[in-house]
Amino acid sequence: MSRFFFYQHAAAAEEKERRKIQRRTLRDAANPFDMPDEEFRHIYRFRKEVVFYLCGELNVDLQPHNGDGLPTHFKVLTALHLLADGNYQRGTGQDHGLCIGQTTVSRYLDQFVDAVNRRLKDQWIIFPGNERSRRSVATGFEEAYRLPNILGAVDCTQVKIFPPPLPHGVQYLNRKGVHALNVQLVADVNCKILAVNARFPGRVHDSFIFNNSSIKDELRRLYNGHIGDYFLLGDSGYALEPWLMTPVLNPAQGSPEARDLPVEIVEEIEEGAPQELPHRHAQNGLLLRVAQEKRARLINTYFAYYYVLL
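A brief structural summary. Treat the numbers as computed from the prediction; the structure is a model and nothing was measured.

Analysis parameters
- Residues numbered from 1 in each chain as written.
- Predicted model: local features only at pLDDT ≥ 70, side-chain atom pairs only at ≥ 80, totals over all residues.
- Heavy atoms only, no water.
- Helix = DSSP H or I, 4+ residues; strand = E, 2+ residues; numbered from the N terminus.
- Buried < 20%, exposed > 50% of the residue type's maximum accessible area, 1.4 Å probe, protein only.
- Contact = heavy atoms within 4.5 Å.
- Areas by Shrake-Rupley, 256 points an atom, 1.4 Å probe, with all protein chains shown as cover.
- Phe/Tyr/Trp six-rings, centres within 6.5 Å; stacked < 30°, edge-to-face > 60°.
- Arc of directions from axis to C-beta.
- Pairing = 2+ DSSP bridges.
- Axes fitted to C-alpha atoms, helices over the stretch in contact; angles between N-to-C directions.
- Parallel < 35°, antiparallel > 145°, perpendicular 65-115°, else oblique.
- Left-handed = near helix turned anticlockwise from the far one by under 90°.
- Nonpolar A, V, L, I, M, F, W, Y, C, P; charged D, E, K, R; others polar.

## Some remarks on the overall build of the protein
- Across its full length, the protein holds 15 helices and five strands.
- Here the protein, with 310 residues, has 46% of them falling under the buried criterion.
- Sequence separation of 24 or more characterises 62% of the internal contacts of the protein that already satisfy a separation of 6 or more.
- Approximately 16800 Å² of the protein is accessible, and the part contributed by carbon and sulfur atoms is 51%.

This is how it looks when you write it as structure tokens:
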């Protein structure tokens, strides 16, 4: 019996090595950058020039550290293909231009997500940190809504995930009975995301997330330091604070309260922001299947590469 299992194990190892060689042969024969531009963009959602940019920005983190590792562009294309359609990792690995094993796809996705969070997130998702950028954002709100000194609109969106194991899984069950992350977004008047906080489960209230965010710490610093007179806009789910303006519910028609801060302003801005990104990938299944500790970084990656895509 032991001899049978020995031969079976040897045959499986031989088959694995044969597939590895076959994939390497197919990769060497195919160059994804040789395909027509339209087909390339359909598969990876990016133009070739943007992929070259990503490769350059992330090369320090993604370049192979041994002779057997694949080059940076293979790792970038593997992750982009998977993120583009939210498909299963095996299907991405079997793509004719990549030809990579499932475990390798999973490893490259992790490397790509870590690299984007480390190198690109803070380049593309930036809460105004100096007076010039603060005035730029505030001017946009003043011109659009005649509201001065506004640094953004804050709100949360529920992103569905696979039910985590008990006992902690109950914390992710939101009021609609769906397991989700409650993701806080801050957007400017043009619906550009300025900050993302994807660390909290769906059961947590929006106001708790804001109270425990670095954005509130920054606004408190500005307020206590008498640096300008800046605010965020929030809906009625948030408490009124010196740095957070919330609407008066059901104000009398024609009253100053009805004119000053219509509730529709926050809704209009937050609904115009690209919230559909994590929802789209949750529906496709990728965000549902990734490990719990990876979800926040994956959501950050969606928003960061959205602005690269623009």
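## Structural notes on the packing of aromatic side chains
- Per the counting criterion, the structure on display carries six aromatic pairs.
- Judged by centre distance (5.9 Å) and plane angle (85 degrees), the ring pair of Phe200 and Phe208 falls under edge-to-face.
- Under the relative-accessibility criterion, Phe208 is labelled partly exposed at 43%.
- For the ring pair Phe210 and Tyr238, a centre distance of 6.0 Å and an interplane angle of 80 degrees mean the geometry is edge-to-face. Taken together, the positions of Phe210 in helix α9 (residues 206–211) and Tyr238 in the loop between β4 (231–233) and β5 (244–245) put the pair 28 residues apart, joining distant regions of the chain.

## A look at helix α2 (residues 37–44)
- For α2, the full list of buried residues reads Phe40, Ile43 and Tyr44. Taken around the axis of α2, the buried residues stretch over an arc of 80 degrees, which confines them to a single face. Facing away from the buried side of α2 by over 90 degrees, the exposed positions are Glu38 and His42.
- Positive backbone phi, approximately 70 degrees, marks Arg45, located one or two places after α2.

## Observations regarding unusual backbone geometry
- For Asn149, which is not glycine, the phi dihedral falls at a positive 65 degrees.
- Within the secondary structure layout, Asn149 lies in the loop between α8 (131–145) and β1 (150–160).

## Things to note about the pairing of strand β2 (residues 180–187)
- With eight of its eight residues buried, β2 lies for the most part within the structure.
- Burial along β2 is two-sided: the residues Ala180, Asn182, Gln184 and Val186 and Leu181, Val183, Leu185 and Ala187 are all buried.
- Relative to β2, β1 is paired through eight bridges, and the arrangement is antiparallel. What sits directly across from Asp155, in β2, is Leu185.
- In terms of strand pairing, β2 meets strand β3 (residues 193–201) through six bridges, oriented antiparallel. Following the sheet pairing, Gln184 is matched in β3 by Asn197.
- Between β2 and β3, which follow one another and run antiparallel, lie five residues, and Cys191 among them has a positive phi close to 70 degrees.

## Comments concerning the packing of helix α3 (residues 48–62) against helix α6 (residues 102–119)
- Taken N-terminus to C-terminus, the directions of α3 and α6 make an angle of 115 degrees; their axes are 9 Å apart at the nearest point. Judged by the angle between their axes, α3 and α6 are roughly perpendicular. For the crossing formed where α3 meets α6, the hand is right-handed. Mapping the contact onto sequence places Glu57, Leu58, Val60, Asp61 and Leu62 in α3 and Gln111, Phe112, Ala115, Val116, Arg118 and Arg119 in α6.
- Here the residues of the contact of α3 with α6 sort into six nonpolar, one polar and four charged.

## Some details on the side chain of Lys48
- Note on placement: Lys48 falls in helix α3.
- We classify Lys48 as buried; its relative accessible area is 15%.
- Not counting residues up to four positions away in its chain, the partners in contact with Lys48 are Phe33, Asp34, Met35, Pro36, Asp37 and Phe40.

## As for the sheet that holds β5
- Read across the open sheet, the five strands follow the order β3-β2-β1-β4-β5; overall the sheet is mixed. The open sheet terminates on both sides in strands that have one partner only, identified here as β3 and β5.
- Relative to β5, β4 is paired through two bridges, and the arrangement is parallel. Considered in β5, the bridge of Leu233 is made with Met245.
- Running over the sheet, α8 touches β1, β2, β3 and β4 and is turned about 85 degrees from β1.

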